[in-house]
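So the chains spell out like this:
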Amino acid sequence: MTTMQKNNLPTADDLRDRVRVALQAVGADAALGEPGVSGLAAGSPITGDVLFSVPETSPAAAGAAVDEAAAAFAGWRTTPAPVRGALVARLGELLTEHKADLATLVTVEAGKISSEALGEVQEMIDICQFAVGLSRQLYGKTIASERPGHRLMETWHPLGVVGVITAFNFPVAVWAWNTAVALVCGDTVVWKPSELTPLTAIACQTLIERACADVGVDGSVSRLVQGGRDIGEALIDDPRVALVSATGSVRMGREVGPRVAQRFGKALLELGGNNAAIVTPSADLDLAVRAIVFSAAGTAGQRCTTMRRVIAHSSIADELCRRIAAAYETLPIGDPSVDGTLVGPLIHSRSYRDMVGALQTAAADGGEVIGGHRHDMGAEDAFYVAPALVRMPGQTEVVHNETFAPILYVLTYDDLDTAIELNNAVPQGLSSAIFTTDIREAERFMAADGSDCGIANVNIGTSGAEIGGAFGGEKETGGGRESGSDAWKAYMRRATNTVNYSSELPLAQGVRFG
Ligand code: NAD
């Protein structure tokens, strides 16, 4: 649609202009074709229009990108880590300079509201800073040897080429989490972004190539391949790709994990979540409601950490639901690039169909649905929805699924053991939270018999993690950890070295031989 649309949505031509301006600002000279020309369709959920056609990588060209990254690895792995850090420092500077341009592209392609899009780019800048520090802290251990005159230690070495496969909903941050850390660890990277967000990928690739040129590094340390799952498959099946770091749905992880394992490659899987918050009788309800509304309705329910379940104590459940429903009523829904909008569009029609289907199933299971209707923005192919609150009589099958849309199921409990059981009773294990002012409840939630998730928060929502901690989840979420803490170890290989500096040859475990 190129005409002015109802409810002041921008036109497709407006969006094209924004994309051109942002790409030009970062220095990308990508050959963007007219929509319909062969290649990847680059669209926007804001209006549902296809904006451009973007060159698509063939499987053969994906193999060539791995060739280049593998060749670059030979030199990069012996480049001192702090020198590798200088490249990531330069990337961080360029990201800071182009924060607004990248955020514009994130909003256009993924439909994130401006402040969340800026936040996503800030996360890239933060991880660059983290990785630069890390480049001087790739420590191994020295271990007491049981033998006299011996030194036992661990050293960490680069792995090789890292294949990074990313999802549409964090089109730039997840690439940066992986790339910044992989590069300082001495790995080279081949990135396959979501086929739904090729424009942001072009911008990121332009910036990393510029950073390479600025610090005198071969740009082949970071390559971009664009396409759908066949291009992802070209990476996962390539034995030169030492680590596949794949972010996306559980379905994708089920395919990627075994295929990489088949060739004894390493996989780091960051898959779907089904995140809950327990709200106890002692909770500060004002704070809980604010956190729940951001976690459940923010990003239109399209974060892996989106809150999908509230497990409320029966004494406060009615009051909590009343307050969440009231807050939902006030949420501005619409064009994500307009200041003040808090809920933007779903990514595509399939997400909307999934949402409608899940709500119908929940209602058939006895759920009481509040909200969840389509918000008419006058654009047939754009899907804006009111977040849905669903009071469920119990945790039926539909509540076990991750529906990638703003649906918040409310369950009730009477004792904390039951609440924790409900929290853990889903196949996914990404993020979780408890709202309580009772230290016993808070500690119990984080203990070994508490939440089984990779993230267990107290008095904050399930989404919006900081990069300093390791990020990831258990069970069907895949078990991978990225970003801060010691997540870097997944990007390196460990060697155990024993050095005998004596003139004797004592054997371990007291073994005598000859
Ligand atoms: P998706 O699984 O459809 O696609 C993710 C990526 O995998 C895309 O680049 C896609 O092309 C690629 N892909 C799909 N099948 C593949 C295959 N067989 N081999 C290789 N590559 C393949 O996911 P999506 O719809 O883009 O993103 C939403 C999902 O991602 C949600 O489930 C969400 O929870 C999850 N997610 C998880 C995290 C996390 O850190 N745990 C972060 C963001 C998103």
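These figures come from a predicted structure and were not determined experimentally.

## Some thoughts on the UniProt feature "domain: Aldehyde dehydrogenase" (unreviewed entry) in the protein chain
(1) Moving on: Taking the UniProt record as the reference, the feature "domain: Aldehyde dehydrogenase" (unreviewed entry) is found at residues 44–494.
(2) Moving on: Each end of residues 44–494 is marked by a C-alpha atom, and these two atoms are 43 Å apart; helix forms 40% of the span and strand 20%.

## Topic: the site of the ligand
(1) Moving on: For the ligand, the set of nearby residues contains 29 residues, the closest of which are Glu195, Ser249, Glu255, Leu271 and Glu402.
(2) Moving on: Take Phe168: an N or O atom from its main chain is 3.1 Å from an oxygen atom of the ligand.
(3) Moving on: The separation between an oxygen atom of the ligand and a polar side-chain atom of Ser249 is 2.5 Å.
(4) Moving on: In isolation the ligand has 860 Å² of accessible area, and contact with the protein removes 93% of it.
(5) Moving on: Among the secondary structure elements, those contributing two or more residues to the shell around the ligand are α8 (229–236) and α9 (250–262).
(6) Moving on: Tallied by class, the residues present in the shell around the ligand amount to twelve nonpolar, nine polar and eight charged.
(7) Moving on: Of the residues that make up the shell around the ligand, three or more belong to each of domain 1 (52–271 + 478–496) and domain 2 (275–458).

## Side note on the side chain of Thr306
(1) Moving on: Within the secondary structure, Thr306 sits in the loop between α10 (285–297) and β11 (307–313).
(2) Moving on: Among the polar contacts listed, one links the side chain of Thr306 to the backbone oxygen of Gly301, at a separation of 3.5 Å.
(3) Moving on: With residues near it in sequence (within four places) discarded, Thr306 still touches Asn275, Ser295, Ala296, Gly301 and Thr462.

## Structural notes on unusual backbone geometry
Peptide bonds are, in most cases, trans, and in most cases residues other than glycine have a negative phi.
(1) Moving on: The backbone of Ser483 shows a phi angle near 75 degrees, a positive value even though the residue is not glycine.
(2) Moving on: Structurally, Ser483 is set in strand β22 (residues 482–483).
(3) Moving on: Of the residues examined, Ser483 reaches a relative accessible area of 3% and is grouped as buried.

## So, α8
(1) Moving on: Inspection of α8 places Ile231, Gly232, Leu235 and Ile236 among the buried residues, and these make up the whole buried set. Taken down its axis, α8 places every buried residue within 140 degrees of arc, on the same side.
(2) Moving on: Along its buried surface, α8 packs onto α2 (59–76), β5 (161–165), β6 (188–192), β8 (241–247) and α9.

## So, the pattern of salt bridges
(1) Moving on: As enumerated under the stated definition, the model contains 28 salt bridges in all.
(2) Moving on: A salt bridge links Arg259 to Asp237; the shortest N-O distance between them is 2.5 Å. Of the two residues, Arg259 sits in helix α9 while Asp237 sits in the loop between α8 and β8, which places them 22 residues apart along the sequence.
(3) Moving on: For Arg259, a relative accessible area of 31% gives the class partly exposed.
(4) Moving on: Among the residues examined, Asp237 registers a relative accessible area of 38% and is labelled partly exposed.
(5) Moving on: The partner of Arg323 in a salt bridge is Asp286, and the shortest N-O contact between them spans 2.5 Å. With Arg323 in helix α11 (residues 317–329) and Asp286 in helix α10, the pair connects residues that are 37 residues apart, well separated along the chain.
(6) Moving on: Judged by its relative accessible area of 26%, Arg323 is partly exposed.

## Quick notes on the domain arrangement of the protein chain
(1) Moving on: Per the domain assignment, the segments of the protein chain are domain 1 (52–271 + 478–496) and domain 2 (275–458).
(2) Moving on: Placing the centre of domain 1 and that of domain 2 at their C-alpha centroids yields a distance of 31 Å.
(3) Moving on: Contact with domain 1, which involves 14 residues of that partner, is made by 17 residues of domain 2.
(4) Moving on: Summed over both partners, the interface of domain 1 with domain 2 comes to about 1,200 Å²; 63% of that surface belongs to carbon and sulfur atoms.
(5) Moving on: If you look at where domain 1 meets domain 2, you find one salt bridge.
(6) Moving on: Ionic pairing is found between Glu116 and Arg303, a salt bridge with its closest N-O pair at 2.9 Å.
(7) Moving on: Inspection of the domain 1/domain 2 interface yields four residue pairs in polar contact (both at pLDDT 80 or more).
(8) Moving on: Of all elements in the fold, only α4 (99–110) and α5 (114–134) reach the threshold of two or more residues within the side of domain 1 that touches domain 2.
(9) Moving on: The element contributing the most residues to the side of domain 1 that touches domain 2 is α4, with three residues.
(10) Moving on: A breakdown of the residues in the side of domain 1 that touches domain 2 according to their chemical character gives six nonpolar, four polar and four charged.

## Focus on the UniProt feature "active site" (unreviewed entry) in the protein chain
(1) Moving on: Summarizing the sequence annotation, UniProt attributes the feature "active site" (unreviewed entry) to Glu270 in the numbering used throughout.
(2) Moving on: Along the chain, the position of Glu270 falls in strand β9 (residues 266–270).
(3) Moving on: Ignoring sequence-local partners within four residues, the contact set of Glu270 consists of Ala246, Thr247, Gly248, Phe471, Gly472, Gly473, Thr477, Gly480, Arg481 and Glu482.

## Remarks on the state of the cysteines
(1) Moving on: Enumeration over the complete set of coordinates arrives at zero disulfides.
(2) Moving on: We note that Cys185 lacks a disulfide partner, and the nearest cysteine sulfur, in Cys128, lies 13 Å from it.
(3) Moving on: Summary of cysteine pairing: Cys453 is not part of a disulfide, and the nearest cysteine sulfur, belonging to Cys304, is at 12 Å.

## Points about the sheet that holds strand β16 (residues 407–413)
(1) Moving on: Spatially, the seven strands line up as an open sheet ordered β12-β15-β16-β11-β10-β18-β19, and their pairing is mixed. The two strands at the open ends of the sheet, each matched to only one other strand, are β12 (368–371) and β19 (455–458). Shown here is a sheet whose adjacent strand axes are inclined to one another by a mean of 20 degrees, direction ignored.
(2) Moving on: As defined by bridge partners, strand β18 (residues 431–435) adjoins β19 across four bridges and the pair is classed as parallel. Within β19, the residue paired with Ala433 across the bridge is Asn457.
(3) Moving on: Helix α12 (residues 349–364) rests against β12, β15 (388–391) and β16 of the sheet, and its axis sits at about 25 degrees to β16.

Criteria and cut-off values
- Residues numbered from 1 in each chain as written.
- Predicted model: local features only at pLDDT ≥ 70, side-chain atom pairs only at ≥ 80, totals over all residues.
- Heavy atoms only, no water.
- UniProt positions renumbered as here; feature names shortened; annotations may be inferred.
- Helix = DSSP H or I, 4+ residues; strand = E, 2+ residues; numbered from the N terminus.
- Near = heavy atom within 4 Å.
- Polar contact = N/O pair within 3.5 Å; in protein donor to acceptor, adjacent residues only side chain to side chain.
- Areas by Shrake-Rupley, 256 points an atom, 1.4 Å probe, with all protein chains shown as cover.
- Nonpolar A, V, L, I, M, F, W, Y, C, P; charged D, E, K, R; others polar.
- Domains from an automatic or database assignment.
- Contact = heavy atoms within 4.5 Å.
- Buried < 20%, exposed > 50% of the residue type's maximum accessible area, 1.4 Å probe, protein only.
- Arc of directions from axis to C-beta.
- Salt bridge = Lys/Arg side-chain N within 4 Å of Asp/Glu carboxyl O.
- Buried area = accessible area lost by both parts, 1.4 Å probe.
- Disulfide = S-S within 2.5 Å.
- Pairing = 2+ DSSP bridges.
- Axes fitted to C-alpha atoms, helices over the stretch in contact; angles between N-to-C directions.

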